[in-house]
Amino acid sequence: MKVAIIGLGSVGRGVAEMIAKKDLGIRVTGLADSKSGCIDPAGIDLFRVLEKKKKSGCCGDKNISALDVIRKAPYDALIDVTPTNAMTGEPGLGYVMQAIKKKKHIVTSNKGPIALAYKELRALAEKNGVALRYEATVGGAIPIFHTLGHGLAGNEILAVFGVLNGTCNYILTRMADEGLTYEQALLEAREMGYAEADPSYDVEGIDAAIKLVILANTIWGNGVKLDDVDRTGINLLTPDAMRLAEEEDCTVRLIAEAIPKKGFLRVAPRIIEKSNPLVVDGTLNAITIETDMAKEITLIGRGAGSIETASAILGDLLFIRDRYVERS
Amino acid sequence: MKLEMKDSPGQLVAALKPMSDVGGNIIAVIHQRDPDATDDTLNVQIVLELPEGRLDDLVTMLKKQGVHIQRIGEERLLYQRTVILIGHLMHTDLSDTVDRIDSTGFAEVSELSMSMPAVTERSSSRLTIKSVTKDDMEDAVAILRTVAKEKDLLLIEPLEEIL
């Protein structure tokens, strides 16, 4: 199978590295970062490109743009690993639309396009007979959409609960375990590389809310948007509150929750019994799905990381290869 | 509830059995023999917790045992939920916050733990609310949500929906 990769940040590099290292029958024919691109129908030497990117900051020719790669390279599936913009979805949204119109399958880790334009993209993909897969957008390496779409096919999904933001979970774990203040725990998260310089996207629950929107749209097709999520962050939590929860054998975690029958779509810090499987430590993510037949299923795994996210992307790619491209 | 039964061996145990059969939890049994009593009946007061909707079953079962129910007292508050409130709790009139629940008549704040750091800092408190029914609890928490919004307090609710 031939693929084009757009985006060569941490996730893109992880994907390129894994494709290069593993013998999966995947050939990369097009590659672009924000400044340059390269096309080679015979297959790009990924090790050489990654080395070049490391040295010069560019992966290819400055005269070749991402759009050039999308339009001109010969590929079956586009891997969109451009950064998330929650407000516009760009540049990923435009890239994905272009590729679908050219009847190319899509694998993306970019939350923006899926959260903002799920219905349109799904309809466009169906019209063009291509796959639209985005396992990496929610829960990192956790195969949540494979589980929902295949393992739990035939189940009615009644509710979904998740710990979907590793940064928040790390901060809350540290506050609960060490009695740190929010500010201290945030500082530590930054030092560990888990939190951005501007942490508001994580700690105000926006990231978790976007993922909840993607889950809800996938499961129920209800067209909910980011603004529909009732959202409270963790930035006002106190060590005393953690202690008060602790005294009841509970703790506090940022929980994303969707229960359509009750009209619940919210992200908020919640008191939760420590024995609940959603109570995971550090940067881990966890998702509980409640269904009519299987009842509760909880998946726990790494919610971020270059190679972990590449795992989700490769899972999508190989699914597409087996289902659509070539059966070997 | 206040019960009247025959004063013969095994009667009290026979009256208590249906209570556990319906999933009740007996809190107290008050049994005072009246020295002046001339008849062969025994009066017993029992305080118990029952799952919602099982009171009618219990009454039927007790009647079958030949126990006469003199009086059924007030229903106690059975549903309990613990929440945490963070913010300027004293400056925003904590007693009013509590009263907004207590004054409903269907729910009350039964426990309150609080920490108060420096005066200017936000304090944290844990409130346990009790109510008779689940719907009453939902209503009580909804009131608390409104109060929290009004007073700029952070309300942390328990994850109750999960089974």
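Since the structure is predicted, the reported quantities are computational estimates derived from the model, not experimental observations. (Residues numbered from 1 in each chain as written. Chains lettered and ligands numbered in written order. Predicted model: local features only at pLDDT ≥ 70, side-chain atom pairs only at ≥ 80, totals over all residues. Heavy atoms only, no water.)

### Considerations on the overall build of chain A
Step number 1: For chain A, the count of helices and strands is 12 helices and 12 strands.
Step number 2: A globule of 328 residues ought to have a C-alpha radius of gyration of about 20 Å, and chain A, at 20 Å, matches this closely.
Step number 3: With the C-alpha coordinates of chain A rotated into their principal frame, the extents come out at 65 × 45 × 35 Å.
Step number 4: Within chain A, the proportion of its 328 residues that are buried is 55%.
Step number 5: In chain A, once contacts between residues fewer than 6 apart in sequence are set aside, the share between residues at least 24 apart is 69%.
Step number 6: Carbon and sulfur atoms provide 50% of the accessible area of chain A, an area that totals close to 13,600 Å².
Step number 7: Treating the 40 positive side-chain charges of chain A as one cloud and the 43 negative ones as another, the clouds have centres 9 Å apart. (Helix = DSSP H or I, 4+ residues; strand = E, 2+ residues; numbered from the N terminus. Rg over C-alpha atoms; globule rule 2.2 N^0.38 Å. Buried < 20%, exposed > 50% of the residue type's maximum accessible area, 1.4 Å probe, protein only. Contact = heavy atoms within 4.5 Å. Areas by Shrake-Rupley, 256 points an atom, 1.4 Å probe, with all protein chains shown as cover. Lys, Arg positive; Asp, Glu negative; His and termini not counted. Charge placed at Lys NZ, Arg CZ, Asp CG, Glu CD.)

### A word on the domain arrangement of chain A
Interfaces are frequently sized by the accessible area removed from exposure as the parts join.
Residues and elements named next belong to chain A.
Step number 1: The domain boundaries assigned to chain A delineate domain 1 (2-140 + 306-325) and domain 2 (148-302).
Step number 2: Taking the mean C-alpha position of each, domain 1 and domain 2 sit 28 Å from one another.
Step number 3: Contacts between domain 1 and domain 2 engage 17 residues on the former and 17 residues on the latter.
Step number 4: Between domain 1 and domain 2, a total of about 1,400 Å² is buried, with carbon and sulfur atoms accounting for 66% of that surface. (Domains from an automatic or database assignment. Buried area = accessible area lost by both parts, 1.4 Å probe.)

### Some thoughts on the environment of isoleucine 70 of chain A
All names here are of chain A.
Step number 1: Looking at where isoleucine 70 falls in the secondary structure, it is placed in helix H3 (residues 66-72).
Step number 2: Spatially, the C-alpha atom of isoleucine 70 lies 8.8 Å from that of lysine 102, the residues being 32 residues apart in sequence.
Step number 3: Other than its neighbours up to four places away in sequence, isoleucine 70 contacts Ile6, Tyr75, Leu78, Tyr95, Gln98, Ala99 and Lys102.

### Overview of the packing of aromatic side chains
Residue and element names in this part refer to chain A.
Step number 1: One pass over the structure, following the stated rule, counts 3 aromatic pairs over all chains.
Step number 2: Ring centres of tyrosine 118 and tyrosine 134 lie 6.0 Å apart, and the angle between their planes is 85 degrees; on these two criteria the pair is classed as edge-to-face. Of this pair, tyrosine 118 sits in helix H5 (residues 111-127) while tyrosine 134 sits in the loop between strand S6 (132-133) and helix H6 (144-151), placing them 16 residues apart in sequence.
Step number 3: Its relative accessible area of 10% is what places tyrosine 118 among the buried residues. (Phe/Tyr/Trp six-rings, centres within 6.5 Å; stacked < 30°, edge-to-face > 60°.)

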